[in-house]
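Here are the chains, one letter per residue:
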Amino acid sequence: MTAYFVMGVFFGIVLTKGELVSWFRIEEALRFKGLYLYLVFASAVAVAAAGFALLKRRRARSLTGEPIAIPPKVMGSGVRYVVGGALFGLGWGIVGACPGPLFALVGAGVGVMAVVCLAAVAGTWTYGYLRPRLPH
Amino acid sequence: MIEELLHRSWPWYVTGPLLGLVAVGLLAIGNKQFGVSSNLRHLCAAFLPGNVAYFKYDWRRTGLWNLVFILGVVVGGFVGGVLLANAQPVAITAAAQVSLATLGVRDSSGLVPRRLFNWHVLLTLRGFLMMVGGGFLIGFGTAYAGGCTSGHGITGLADLQLPSLITVISFFAAGAAASFLLLPLLVPR
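Residues numbered from 1 in each chain as written. Chains lettered and ligands numbered in written order. Predicted model: local features only at pLDDT ≥ 70, side-chain atom pairs only at ≥ 80, totals over all residues.

K.L.:
Hey, could you go over the overall build of chain A for me, with residue numbers and the actual values?
P.N.:
What chain A contains, in helices and strands, is 6 helices and 0 strands. From first element to last, N terminus to C terminus, chain A shows the α and β order α-α-α-α-α-α. Taken along the three principal axes of its C-alpha coordinates, chain A extends 45 × 40 × 35 Å. When the 136 residues of chain A are sorted by exposure, 57% land in the buried category. (Helix = DSSP H or I, 4+ residues; strand = E, 2+ residues; numbered from the N terminus. Buried ≥ 20, exposed ≤ 12 C-beta atoms within 10 Å, placed from the backbone.)

K.L.:
Before we move on, could you go through the overall build of chain B and cite the residues and values that matter?
P.N.:
Regarding its fold elements, chain B presents 9 helices and 0 strands. Across chain B, helices and strands are ordered from the amino to the carboxyl terminus as α-α-α-α-α-α-α-α-α. Taken along the three principal axes of its C-alpha coordinates, chain B extends 45 × 45 × 30 Å. Looking at chain B as a whole, 50% of its 189 residues are labelled buried.

K.L.:
How would you summarise the packing of helix H1 (residues 2–17) of chain A against helix H2 (residues 12–30) of chain B if you had to cite specific residues and measurements?
P.N.:
Contact geometry of H1(A) with H2(B) gives a least axis separation of 10 Å together with a crossing angle of 165 degrees. When the axis of H1(A) is compared with that of H2(B), the two are roughly antiparallel. Crossing hand, H1(A) versus H2(B): left-handed. Contact residues: Ala3(A), Met7(A), Phe10(A), Phe11(A) and Val14(A) in H1(A); Thr15(B), Leu18(B), Leu19(B), Val22(B), Gly25(B), Leu26(B) and Ile29(B) in H2(B). Tallied by class, the residues present in the contact of H1(A) with H2(B) amount to 10 nonpolar, 2 polar and no charged. (Axes fitted to C-alpha atoms, helices over the stretch in contact; angles between N-to-C directions. Parallel < 35°, antiparallel > 145°, perpendicular 65-115°, else oblique. Left-handed = near helix turned anticlockwise from the far one by under 90°. Contact = placed C-beta atoms within 7 Å. Nonpolar A, V, L, I, M, F, W, Y, C, P; charged D, E, K, R; others polar.)

K.L.:
Please set out the environment of Val83(A) residue by residue, giving values where relevant.
P.N.:
Here Val83(A) lies in helix H4 (residues 79–95). Residue Val83(A) is classed as partly exposed on the basis of its C-beta count, with 18 C-beta atoms lying within 10 Å.

K.L.:
Describe the interface of chain A and chain B, with residues and values.
P.N.:
Where interface size is quoted, it is often the accessible area lost as the parts come together. Of the residues lining the interface, 101 residues belong to chain A; the matching set on chain B comes to 110 residues. Of all the secondary structure elements, the ones that give two or more residues to the side of chain A that touches chain B are H1, helix H2 (23–30), helix H3 (36–57), H4, helix H5 (99–107) and helix H6 (113–130) of chain A. Take the side of chain A that touches chain B: its biggest share by element is 16 residues, from H4(A). Broken down by class, the residue content of the side of chain A that touches chain B amounts to 66 nonpolar, 24 polar and 11 charged.

K.L.:
Go over the confidence of the model for chain B, please, and point to the residues and values.
P.N.:
On average, chain B scores 96 in pLDDT, and the residues at 70 or more come to 100%. The complex model carries a pTM of 0.97, and its ipTM stands at 0.97. (pLDDT = per-residue confidence, 0-100.)

K.L.:
So, the packing of H4(A) against helix H7 (residues 125–145) of chain B: which residues are in play, and what are the values?
P.N.:
Close contact between H4(A) and H7(B) brings their axes to 7 Å; oriented N to C, the two are set at 155 degrees. It follows from the interaxial angle that H4(A) and H7(B) lie roughly antiparallel. In the packing of H4(A) onto H7(B), the handedness of the crossing is left-handed. Across the interface between the two elements, Arg80(A), Tyr81(A), Val83(A), Gly84(A), Gly85(A), Leu87(A), Phe88(A), Leu90(A), Gly91(A), Trp92(A), Ile94(A) and Val95(A) from H4(A) touch Met130(B), Met131(B), Gly133(B), Gly134(B), Gly135(B), Leu137(B), Ile138(B), Phe140(B), Gly141(B), Thr142(B), Tyr144(B) and Ala145(B) from H7(B). Considered class by class, the residues forming the contact of H4(A) with H7(B) number 15 nonpolar, 8 polar and 1 charged.

K.L.:
Which residues make up the nonpolar core, and what values do they have?
P.N.:
Grouped burial of nonpolar side chains is what soluble globular proteins tend to show. By size, the foremost hydrophobic cluster in this structure holds 100 residues, and its most contacted members are Ala48(A), Leu105(A), Ala120(A), Val22(B), Ala23(B) and Ile154(B). Setting aside residues no more than four positions away along its own chain, Leu105(A) makes contact with Val21(A), Ala97(A), Val110(A), Met113(A), Gly77(B), Leu111(B) and Val112(B). (Core = buried A, V, L, I, M, F, W, Y, C linked by C-beta atoms within 7 Å.)

K.L.:
Tell me what's going on with unusual backbone geometry, and back it up with residues and numbers.
P.N.:
Residue and element names in this part refer to chain A. Phi at Phe32 is positive, roughly 55 degrees, even though this residue is not glycine. Judged by the 14 C-beta atoms lying within 10 Å of it, Phe32 falls in the partly exposed class. Its identity as a non-glycine residue notwithstanding, Arg59 has a phi of 50 degrees, on the positive side. Here Arg59 shows up in the loop between H3 and H4.

K.L.:
Tell me about H5(A), and name the residues and values.
P.N.:
For H5(A), the buried fraction is high: 9 of the 9 residues fall into the buried class. If you check which residues of H5(A) are buried, you get Pro99(A), Gly100(A), Pro101(A), Leu102(A), Phe103(A), Ala104(A), Leu105(A), Val106(A) and Gly107(A). Lining the buried residues of H5(A) we find H1 and H6 of chain A together with helix H3 (38–47), helix H4 (59–83) and H7 of chain B. Backbone geometry just after H5(A) places Gly109(A) at a positive phi near 100 degrees.

Right, here's the structure in full:
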């Protein structure tokens with residue numbers, strides 16, 4: 001558990017020092033006025049893809065001894081990815097922060113973001129409640 | 001010198017690769033998938049499962065590591081955003097400055113515009129819709145899509161999963177639409 005806490009602290013520092021928690025950086029990207037976020041995103045995916053491929057090819061085990069595997073996402077009708085992604089995107093564009101940065105911003109002293117976090121929990125709860133009636 | 005280096009913000013070629021390493025590290029440590037929005041579900045399961053099937057699972061077994069991780073993120077936010085805070089305004093492009101000025105945002109110091117994100121604004125109709133409405137959409141949308149910028153955007157894309165590509169295209173398009181069309185209606189006048 002300590003390892004996950006340390007990884008979280010590290011991720012939180014990357015988010016803040018890399019300005020990924022910055023409302024200005026997010027809105028800059030969403031208004032197509034700068035490349036910063038796209039470059040971060042592309043290099044993050046490239047490094048993660050290389051790391052994943054290496055771990056898989058070596059059939060590596062994690063430090064806890066489990067065989068490393070990433071379960072594939074179920075495609076289904078695909079509606080959940082289009083509509084869910086769009087609803088998330090609307091919230092992301094309005095608030096200027098996605099879930100990781102929301103938590104990091106609370107730690108960085110933007111107290112009002114705790115309300116946004118609670119609203120996000122309420123949104124997830126509402127999804128859970130409506131889930132049987134939604135197309136997936 | 002060291003002091004200045006610690007407080008300076010990082011360039012993209014430092015930030016991006018380190019972000020990718022977080023995802024690789026979690027997999028290597030305990031076969032865990034990097035994804036933040038799962039925690040919203042774990043929080044529901046832990047505190048308010050109600051009678052909802054979606055929240056009836058052993059959150060301690062599957063999600064405790066992630067809740068510990070996100071607690072670390074809050075602490076990391078304090079370290080990076082307070083202890084190592086960058087005193088300079090964020091270096092967004094001149095074009096971005098012009099664009100954001102149309103929203104009445106001319107001061108790009110701090111992590112968020114204080115003019116938009118404070119308790120007084122929260123108590124206005126527009127501010128409430130922006131923060132509570134926006135937060136609600138983030139929570140609902142990520143749960144529906146089964147992931148956010150980390151789970152789909154980094155883990156899913158790096159694992160070459162088509163559902164993640166669809167989700168990423170969808171949230172970037174909707175995010176741009178929201179920034180151009182909704183945000184101007186919601187910022188305080």
